[in-house]
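Single-letter residue listing:
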Amino acid sequence: MNERYSVGIKELPTNERPRERLQQYGAAFLSTAELLAIVLRTGTHQRSAISLAEHLLSEHRNLRGIANATVQELAKIKGIGPVKAIQVAACVELGKRLAAHNENLQPVIGSPEAAVHLLMPEMRMASKEHFKTLLLDTKNRLIRIATTSIGTLDSSVVHPREVFKDAIGVSAASILVVHNHPSGDPTPSPEDRNVTLRIAEAGKILGIELLDHVIIGDGKWVSMKERGML
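From a predicted model like this one, the values you see are computed outputs, not experimental measurements. (Residues numbered from 1 in each chain as written. Predicted model: local features only at pLDDT ≥ 70, side-chain atom pairs only at ≥ 80, totals over all residues. Heavy atoms only, no water.)

Draft legend 1. Up close: the overall build of the chain. From N to C terminus, the chain includes nine helices and five strands. Taken from N to C terminus, the helices and strands of the chain fall in the order α-α-α-α-α-α-α-β-β-α-β-α-β-β. Classification of the 230 residues of the chain by burial places 41% in the buried group. In the form shown here, the chain has an accessible surface area of approximately 13,100 Å², with 52% of it arising from carbon and sulfur atoms. (Helix = DSSP H or I, 4+ residues; strand = E, 2+ residues; numbered from the N terminus. Buried < 20%, exposed > 50% of the residue type's maximum accessible area, 1.4 Å probe, protein only. Areas by Shrake-Rupley, 256 points an atom, 1.4 Å probe, with all protein chains shown as cover.)

Here it is as structure tokens:
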């Protein structure tokens, strides 16, 4: 009988238990599996919480896979179930919201790097194309972020009227648009170039300047203005 033996967290020395390590050293010193184990709280008869967390990461390939999974998909993993799946999904969403825009701070978007810093944590993990419009005032301060379009795995159909609808509504002085490539490669496609030119031309007519179009990949990004495509 080849039954898997897994050491339970309570059997580990105190200084090796995830909760105690977090309390002593801080969350940044813990591995992804250890952090997930704290969220899961308990394991099964066959797996400790840490072993279960490692199994969850393995089944979904990595943390990005877990972030893209539905509650139902997470719950299918033996030992997870609906309660643990909901806990994991809630933590993922909190992380996304923390990384997203805080409207009260009104950050200044004076460069493509500022837009990437704001949206990379959220958009690099998206399994579909998300097209977002950053609405800016006369001092390039962010008014808010509008989700203009959510497309398929391959493309997102964006029309200038949808881009500028929100901009006109909040009297934005300029906009900066951002979308992701789920493939992870931010290289602009011919469709990306055509959409950018159409939005720029519409902006000239409306008096709302398109500052840039940034494409986000997996840890990489491209500014179409810096590439001379705008």
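Structure shown, so let's carry the discussion forward.
Draft legend 2. Representation of the nonpolar core within the structure. If you look at the biggest cluster of nonpolar residues, it comprises 19 residues, and the most contacted ones within it are Leu56, Ile66, Leu74, Ile80 and Val88. By residue number, the principal contributor to this core is helix 3 (residues 49–59), which donates six residues. Not counting the four nearest positions on each side in its chain, Ile66 is found in contact with Leu36, Leu56, Leu57, His60, Leu74 and Val88. Ala146, Ile199, Ala200 and Ala202 belong to the second-largest nonpolar core, a separate cluster that totals 16 residues. (Core = buried A, V, L, I, M, F, W, Y, C linked by side-chain atoms within 4.5 Å. Contact = heavy atoms within 4.5 Å.)

Draft legend 3. Structural detail: helix 2 (residues 32–40). Those residues of helix 2 not exposed but buried are Ala33, Glu34, Leu36, Ala37 and Leu40. Angular distribution of buried residues about the axis of helix 2 spans 160 degrees; they occupy a single face of the element. At the exit of helix 2 stands Arg41, carrying a positive phi of roughly 75 degrees. (Arc of directions from axis to C-beta.)

Draft legend 4. Examining the sheet that holds strand 2 (residues 142–150) more closely. On the basis of which strands lie adjacent, the open sheet formed by five strands has the order 2-1-3-4-5 and mixed pairing. Where the open sheet ends on each side, the last strands, each with one partner, are strand 2 and strand 5 (221–223). On average, adjacent strands in this sheet sit at an angle of 20 degrees to one another, irrespective of strand direction. Relative to strand 3 (residues 174–180), strand 1 (residues 130–136) runs antiparallel, the two sharing six bridges. Along strand 3, the bridge assignment pairs Thr133 with Val177. Packing of helix 9 (residues 190–206) onto the sheet brings it into contact with strand 1, strand 3 and strand 4 (209–216), and relative to strand 4 it is tilted by some 160 degrees. (Pairing = 2+ DSSP bridges. Axes fitted to C-alpha atoms, helices over the stretch in contact; angles between N-to-C directions.)

So far we have only geometry, and geometry alone does not tell us how the molecule works.
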